[in-house]
Amino acid sequence: MITFDKVTKKFPLGNTALNDVSFEIDDNQFVFLVGQSGAGKTTILKMITQEIIPSSGSIIVDDFDVTDKNFSQKIELRRKIGIIFQDFKVLVDKNIYENVAVSLKVIGADYSEIKNKVMAALELVGLSKKTMVFPVQLSAGELQRVAIARAIVGDRDIIIADEPTGNLDPKTSWDIMKIFKKLEGKKTIIIATHNTDIVNSFQKRVLVLKEGKIIKDQRKGGYEL
Amino acid sequence: MREIWTSIRRTPYQSFSSFLILFFTLFLTLILFVSLTFLYGTLNYLETKPQVTVYFQNKTPENNIFKVRDELMDSGKVLNIKYISKNDAFNIYKQLNKDNPLLLEMVSADILPPSLEIYAKKPIFLPEIAEYLKKQGDIDEVQYEKDIIDKLLVLTNTIRMSALIFFSYLILMSIVVLTTMILFKIALKESEITLLKLIGATNFYIRKPYILESLFLGITASTLSFGIFALAVFYFSPFLQSYFKGIATLSVDMFSYKMVIWPLNYIFFTTIFASISLFGAIIATVASYIATNKYLKV
């Protein structure tokens, strides 16, 4: 479970990114964060991984109180979370297999575990026949599939995606979202997006943000700002 | 090792640039290190050369001369004392003037005084020794070139201090240059490091490949530097033999061990190789550690 309780974030230059935000996300729930640019979507995602510390309020992620001043389990927290970025962030000097495997190598998994899990993840995203290919040889959609495989491999129960279809054409975007659909009910999925069609068709929980506040929380919502 | 080689192979230009920086730095360091070692050795040798010569009165019994000699040896400040008896002095005189028989007719062993040639362990002991000798009985004359000794002391101390400062500067510059070089390489990987931090990699996991690669490049560069240096020494050995002709040995004090640096020997070469490898490994590791620190604060 992820709990935000009266979370506020004010940056040093005076900009308020989040203002008294409270919500709860249950395990294995599928949630969209929607809002205009600057509404606070990315700030929420970065707070979950403790990239950003709130100015006030508390955040609990899977029993980790990430706002505790003495919190020292950042590495353990991040090993539970798979992150997907708008710009993919694949490692250009590693092939696809190595890109996905790095998610398991950082936790010290052994060779056979890495091989089994990486192949299972690549199978899920439809890239099992391209393990030795390098990112420069892939399309944008395939790169995002690699990123998804890296995010879901291992025991990462929380998947956060910041504009995962932002750099993709509509057809490829749908192909990517089908992968998320396969993960529904198995992992907690939080997707920040501008893609109205996807949000409207998925009919999942939607948290609508505006100027750092949650203005709407619809259990089965569409894209309405 | 496979991962190091893979990383080098996939970023060949960056790795080659780092290698070149390390190689030139280490080669220069090696040349300076050996030059400074030989300078130190030569200074040590020169410092044992100046001597005090004390001439005794003609009728001084040998026992009195030997007593002064033994007291000086027991003081711990003297390296060696050579006793020149009246007959020895006469033989030296004859040898020096063998082409001038007229001078030889005028001189006999009786008129030449016995003397002690005293070689101190360090030039700073010479004034003390001279003062001691002047207070002894049976002394006719004490000779030592005070001005030259004072100038040599100033020169050797200045050279030693300058060498230390220059070497410290070289180490600092090496680390700064290498850190900058590695920072450039790592800057290209900033996104990768950020990603690794976000997926739960420890700082050690992120640092390890860069430090290992730098270590590998450092040791390879130092080995190549040593190889080229050894070839150069072998090529120039006839010149070195003639330059140091007349000098039996040169040595430097390394902590409590006296290492012979001339004639060239395996221990000296092994010490150089070990030192430069260690130096290369240290500066490469330190530079990598500092460079990776910048990007680990996610």
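Given the structure is predicted, the values throughout are model-derived calculations rather than measurements.

A.B. asks: Explanation requested: the overall build of chain A in the structure shown.
C.D. replies: Scanning chain A from terminus to terminus reveals 7 helices and 10 strands. By the burial criterion, 42% of the 225 residues in chain A qualify as buried. The long-range fraction of contacts in chain A, counting pairs at least 24 apart against all pairs at least 6 apart in sequence, stands at 67%.

A.B. asks: In this structure, what is going on with the overall build of chain B? I would like to understand it.
C.D. replies: Within chain B, the secondary structure is distributed over 10 helices and 6 strands. For chain B, the proportion of its 298 residues judged to be buried stands at 23%. A sequence separation of at least 24 residues applies to 81% of the contacts in chain B between residues at least 6 apart.

A.B. asks: Could you clarify how one ought to interpret the environment of Leu72 of chain B in this entry?
C.D. replies: Tracing the backbone shows Leu72 of chain B in helix 3 (residues 62-74). When residues no more than four places from it in sequence are discounted, the contact partners of Leu72 of chain B are Val78, Ile81, Ile118 and Ile129 of chain B.

A.B. asks: In this structure, what is going on with the confidence of the model for chain B? I would like to understand it.
C.D. replies: Predicted coordinates in areas of low pLDDT are best not read in detail. Residues and elements named next belong to chain B. Taken residue by residue, chain B gives an average pLDDT of 81. The fraction at 70 or more is 93%. For chain B, per-element mean pLDDT is lowest for helix 5 (residues 101-106), which scores 70, and highest for helix 3, which scores 89. Reported confidence for the predicted complex is 0.88 by ipTM and 0.69 by pTM.

A.B. asks: Would you explain the sheet that holds strand 2 (residues 16-25) of chain A in this entry?
C.D. replies: Strand pairs in the sheet, formed through backbone hydrogen bonds, run parallel or antiparallel to each other. Residues and elements named next belong to chain A. Taken in spatial order, the 4 strands line up as 2-1-4-5 in an open sheet, and their pairing is antiparallel. Unpaired on one side and paired on the other, strand 2 and strand 5 (64-65) mark the two borders of the sheet. Direction of pairing for strand 1 (residues 2-10) relative to strand 2: antiparallel, over a ladder of 6 bridges. Pairing of Phe4 across the sheet is with Phe23, part of strand 2.

A.B. asks: Got a minute to help me understand the sheet that holds strand 4 (residues 139-143) of chain B in this structure?
C.D. replies: All names here are of chain B. Spatially, the 4 strands line up as an open sheet ordered 2-3-1-4, and their pairing is antiparallel. Each edge of the open sheet is held by one strand with a lone partner, namely strand 2 (78-84) and strand 4. Mean inter-strand twist for the sheet, computed between neighbouring axes without regard to direction, equals 15°. Here 5 bridges tie strand 1 (residues 51-56) to strand 3 (residues 115-120), and the two strands are oriented antiparallel to one another. Opposite Val52, over in strand 3, you have Ile118 as the bridge partner.

A.B. asks: Sorry, what's going on with the interface of chain B and chain A here?
C.D. replies: On the chain A side, the residues contacting the 13 residues of chain B number 12 residues. Element by element, the count of residues in the side of chain B that touches chain A is highest for helix 8 (residues 190-198) of chain B, at 5 residues.

A.B. asks: Looking at this structure, how should I read the pairing of strand 1 of chain A?
C.D. replies: Along any regular strand, the residues point their side chains to alternate faces of the sheet. Residue and element names in this part refer to chain A. Connecting the antiparallel pair strand 1 and strand 2 is a turn made up of 5 residues, with Gly14 showing a positive phi of about 105°. As judged from the 5 bridges shared by strand 1 and strand 4 (residues 56-61), these two strands associate in the antiparallel manner. From the neighbouring strand, Ile2 faces strand 4, where its bridge partner is Val61.

Parameters at a glance
- All residue numbers refer to position in the chain's written sequence, counted from 1.
- Chain A is the first chain written and ligand 1 is the first ligand written, with later ones labelled in order.
- For this predicted model, a pLDDT threshold of at least 70 governs which residues receive local features, and a threshold of 80 or more governs which side-chain atom pairs are given and counted, while totals over whole chains, interfaces and linings are taken from all residues.
- Helical segments are the DSSP runs of H or I of at least four residues, strand segments are the runs of E of at least two, and each set is numbered from the N terminus.
- The exposure label follows from counting other C-beta atoms within 10 Å of a residue's C-beta, where the C-beta atoms are placed from the backbone and the thresholds are 20 or more for buried and 12 or fewer for exposed, leaving partly exposed in between.
- Residue pairs are scored as contacts if the distance between their C-beta atoms, which are placed from the backbone, is within 7 Å.
- A score from 0 to 100, pLDDT tells how confident the predictor is in each residue.
- We call two strands paired when DSSP finds no fewer than two bridges between them.
- Inter-axis angles, ranging from 0 to 180 degrees, are taken between N-to-C directions of lines fitted to C-alpha atoms, where helices are fitted over the stretch in contact.

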